[in-house]
Amino acid sequence: MTGGAESLGLRLHCQEGRVAAVEIRPRQRPDPLRLLAGCRPAAAPERLARVFAVCGGAQGWACRLALAAAIGQPPPPEPVWALRLETAREHGRRLCLDLPLRLGLPADPRPVKILTRLGGPVGGSSVGGKVIGEEETALRRAVSEALPAGLPAALETPEALALWAQRAETPLAAAFWRLHAADLAGFGAVSPRHLPPVASLAGGDAQDALPRRLRAAAADFAVAPTWNGLPHETGPLATFAAHPLTEALSRRDGCGLLARFAARLLAWVAAMQALGEGAGMAAAGTMAAAGTMAAAVGSGTQEGGAGAGWGLGLVETARGTLIHGLELADPEAESFKAYTIVAPTEWNFHDKGCFVSGVMGSADGPELLPRAELLAVALDPCVAYDLTRVSG
């Protein structure tokens with residue numbers, strides 16, 4: 001995948017038959033204050049949801065959470081099913097379109113088309129909705145039709161996954177079999193260092209607590225975020241690290257391509273099942289009901305909090321943890337003084353992060369770029385990227 005000025009640059013420097021260094025050219029990140037120029041904070045969530053083509057609903061929701069925390073209001077009702085639909089679409093695109101194509105197989109657009117027909121992009125004001133009656137029946141039927149044959153039974157053990165993949169009844173299953181047969185399973189394996197759940201990130205009094213880090217050096221943190229002084233991985237593998245399937249695959253093959261794509265498959269099936277099972281349920285109205293999918297902290301949520309008017313909103317997306325940090329310019333919440341967005345891409349493509357660690361030392365040759373491309377797809381940056389190989 002290639003892109004322009006906003007793309008991520010990934011350059012592999014090869015010497016003596018191995019990847020000796022990996023150069024990351026950070027993407028040109030959008031300036032939230034510029035995007036929100038002339039926009040009152042109350043209207044910011046909806047504008048951000050429209051501006052961001054990727055995970056727009058999650059962007060708008062993180063903004064709402066940060067605003068509520070900054071002014072001391074309870075979080076608004078969470079758009080549970082709408083965010084799950086957005087998540088399911090993103091996972092579906094990576095698994096049913098990108099993964100098979102990268103392995104020389106035909107894509108399977110059917111699941112993505114079904115999910116797309118369920119509604120338009122999730123907007124910043126899409127909160128509190130529920131699906132009832134005939135709509136609920138249609139949603140349940142669509143979710144059932146979208147899941148490829150053999151799922152979720154194939155996700156119980158590595159053996160069940162391999163058997164499902166070997167049957168190759170769908171392009172997705174055939175792609176997983178190629179991950180097995182082409183000896184790709186362990187490519188990109190690294191020692192796991194996973195970002196904690198959003199509730200842990202938002203709380204705590206440690207020196208490295210996220211609120212303190214973001215407020216002290218927001219610009220630096222947004223470009224190269226760390227937790228406890230180190231870059232961490234976020235996304236499906238971090239979320240499902242303790243699942244029996246990913247745990248077994250990681251023990252056998254390392255945290256490589258197979259474990260990462262299996263984790264994404266688990267995340268996709270979980271989102272799809274939640275859509276179907278929760279189709280007729282109203283959106284959660286409290287932060288407690290949101291579980292680890294979202295969290296917020298700010299001057300309005302902490303007794304005696306210093307620096308009135310700041311807030312942090314965190315949302316788990318298909319790519320990992322999305323963070324919005326903001327500071328209001330005035331007590332009436334008429335404008336912003338500062339606004340920072342930390343996307344999952346900045347964690348996973350940190351210059352000392354899991355992509356760099358995963359390709360360092362890999363054998364040079366004709367298979368290097370295709371394999372590195374698969375690792376990039378598994379980590380799923382939110383922007384286009386330029387992947388190149390150079391000698392020396």
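Structure's up top.
The rules behind these values
Residues numbered from 1 in each chain as written. Predicted model: local features only at pLDDT ≥ 70, side-chain atom pairs only at ≥ 80, totals over all residues. Heavy atoms only, no water. Buried < 20%, exposed > 50% of the residue type's maximum accessible area, 1.4 Å probe, protein only. Helix = DSSP H or I, 4+ residues; strand = E, 2+ residues; numbered from the N terminus. Pairing = 2+ DSSP bridges. Axes fitted to C-alpha atoms, helices over the stretch in contact; angles between N-to-C directions. 1 Å grid on protein atoms, 1.4 Å probe; cavity = no way out; pocket = protein on both sides within 12 Å on 5 of 7 lines; lining within 4 Å. Points joined across faces, edges and corners; volume = space filled by probe spheres on them. Nonpolar A, V, L, I, M, F, W, Y, C, P; charged D, E, K, R; others polar. Expected span 1.5 Å × (residues − 1). Contact = heavy atoms within 4.5 Å. Parallel < 35°, antiparallel > 145°, perpendicular 65-115°, else oblique. Left-handed = near helix turned anticlockwise from the far one by under 90°. Salt bridge = Lys/Arg side-chain N within 4 Å of Asp/Glu carboxyl O.

> Explain the pairing of strand E6 (residues 336-342) to me, please; I cannot follow it from the model alone.
Along any regular strand the residues' side chains alternate between the sheet's two faces. With respect to burial, E6 is a largely interior element, five of its seven residues being buried. Relative to E6, strand E5 (residues 321-328) runs antiparallel, the two sharing six bridges. Within E6, the residue paired with Ile323 across the bridge is Val342.

> Honestly, the environment of Trp310 in this entry has me stumped. Any pointers?
Mapping Trp310 onto the fold places it in strand E4 (residues 310-316). Note: C-alpha distance between Trp310 and Ala338 (28 residues apart in sequence) is 9.0 Å.

> I keep staring at the sheet that holds E4 and nothing clicks. Help me out?
Two modes of strand pairing occur in sheets, parallel and antiparallel, and in both the strands are linked by backbone hydrogen bonds. Taken in spatial order, the four strands make up an open sheet running E3-E4-E5-E6, and their pairing is antiparallel. Pairing within the sheet leaves two strands with one partner each, and these edge strands are strand E3 (294-298) and E6. Each adjacent strand pair in this sheet contributes to an overall mean axis angle of 10 degrees, direction not counted.

> Is there a simple way to explain empty space enclosed by the protein in this structure?
Rolling a probe over the atoms, with the probe sized like a water molecule, indicates the empty space that remains. Evaluation of the coordinates by the stated rule reveals four cavities of 30 Å³ or more. Within this model, the largest cavity holds a volume of roughly 60 Å³. Those elements that place two or more of their residues in the lining of the largest cavity are helix H12 (236-239), helix H14 (257-277) and helix H17 (368-379). A per-class count over the lining of the largest cavity returns four nonpolar, three polar and four charged. In this structure, the second largest cavity occupies an estimated 50 Å³ of space. If you go around the second largest cavity, the residues you meet are Ala58, Glu78, Leu83, Thr87, Met293, Val315, Glu316 and Thr317. Of all the secondary-structure elements, those providing two or more residues to the lining of the second largest cavity are helix H4 (80-102) and E4. Class assignment for the residues of the lining of the second largest cavity results in four nonpolar, two polar and two charged.

> Just to check I follow, could you spell out H4 for this structure?
Structurally, the α-helix is built with 3.6 residues per turn, so residues lying three or four positions apart point the same way. With 23 residues, H4 extends 32 Å from end C-alpha to end C-alpha; this agrees with the ideal 33 Å at 1.5 Å per step. The element H4 is largely enclosed, with a buried count of 17 among its 23 residues.

> What should I look at first to understand the side chain of His324 in this one?
Here His324 shows up in strand E5. With sequence-adjacent residues up to four places away left out, His324 is seen in contact with Leu48, Gln59, Ala62, Cys63, Ala66, Gly311, Leu312, Gly313, Tyr339, Thr340 and Ile341.

> Looking at this structure, I do not really get the layout of surface pockets. What am I missing?
Approximately 540 Å³ is the volume attributed to the largest pocket. Around the largest pocket, the lining comprises 24 residues; the ones closest to its centre are Thr239, Phe240, Met293, Glu316 and Thr317. Among the elements of the structure, H4, H12 and H14 are those that each provide at least two residues to the lining of the largest pocket. Its boundaries defined by the atoms lining it, the second largest pocket holds a volume of some 460 Å³. In terms of lining residues, the second largest pocket is bounded by 22 residues, among which Arg27, Pro30, Phe52, Cys382 and Val383 are the most central. If one sorts the elements of the lining of the second largest pocket by residue count, helix H1 (residues 32-35) sits on top with three residues.

> What should I look at first to understand the sheet that holds strand E7 (residues 385-391) in this one?
Strand order in the open sheet formed by three strands is E2-E1-E7, with mixed pairing between adjacent strands. In this open sheet, the two edge strands, each paired with only one partner strand, are strand E2 (18-25) and E7. For this sheet, the mean angle separating the axes of adjacent strands, direction not counted, is 20 degrees. Note that strand E1 (residues 8-15) and E2 share seven bridges and pair antiparallel.

> I keep staring at the packing of H14 against H17 and nothing clicks. Help me out?
Close contact between H14 and H17 brings their axes to 10 Å; oriented N to C, the two are set at 30 degrees. Between H14 and H17, the crossing angle belongs to the class labelled roughly parallel. For H14 against H17, the interelement crossing comes out left-handed. Only Leu374, Leu375, Val377, Ala378 and Leu379 of H17 make contact with H14, whose side of the interface consists of Leu257, Arg260, Phe261 and Arg264. Partitioned by chemical class, the residues of the contact of H14 with H17 number seven nonpolar, no polar and two charged.

> Help me out: how do you make sense of the pattern of salt bridges in this one?
Side chains that differ in sign of charge can pair as their charged atoms come close. Considering all chains together, one arrives at 15 salt bridges under this definition. One salt bridge in this structure joins Arg40 and Glu334, with 3.0 Å as the shortest N-O distance. Linking Arg40 in the loop between H1 and helix H2 (44-51) with Glu334 in the loop between E5 and E6, this pair joins segments that are 294 residues apart in sequence. Looking at Glu334, the relative accessible area reads 38%, which means it is partly exposed. A salt bridge links Glu90 to Arg94; the shortest N-O distance between them is 3.4 Å.

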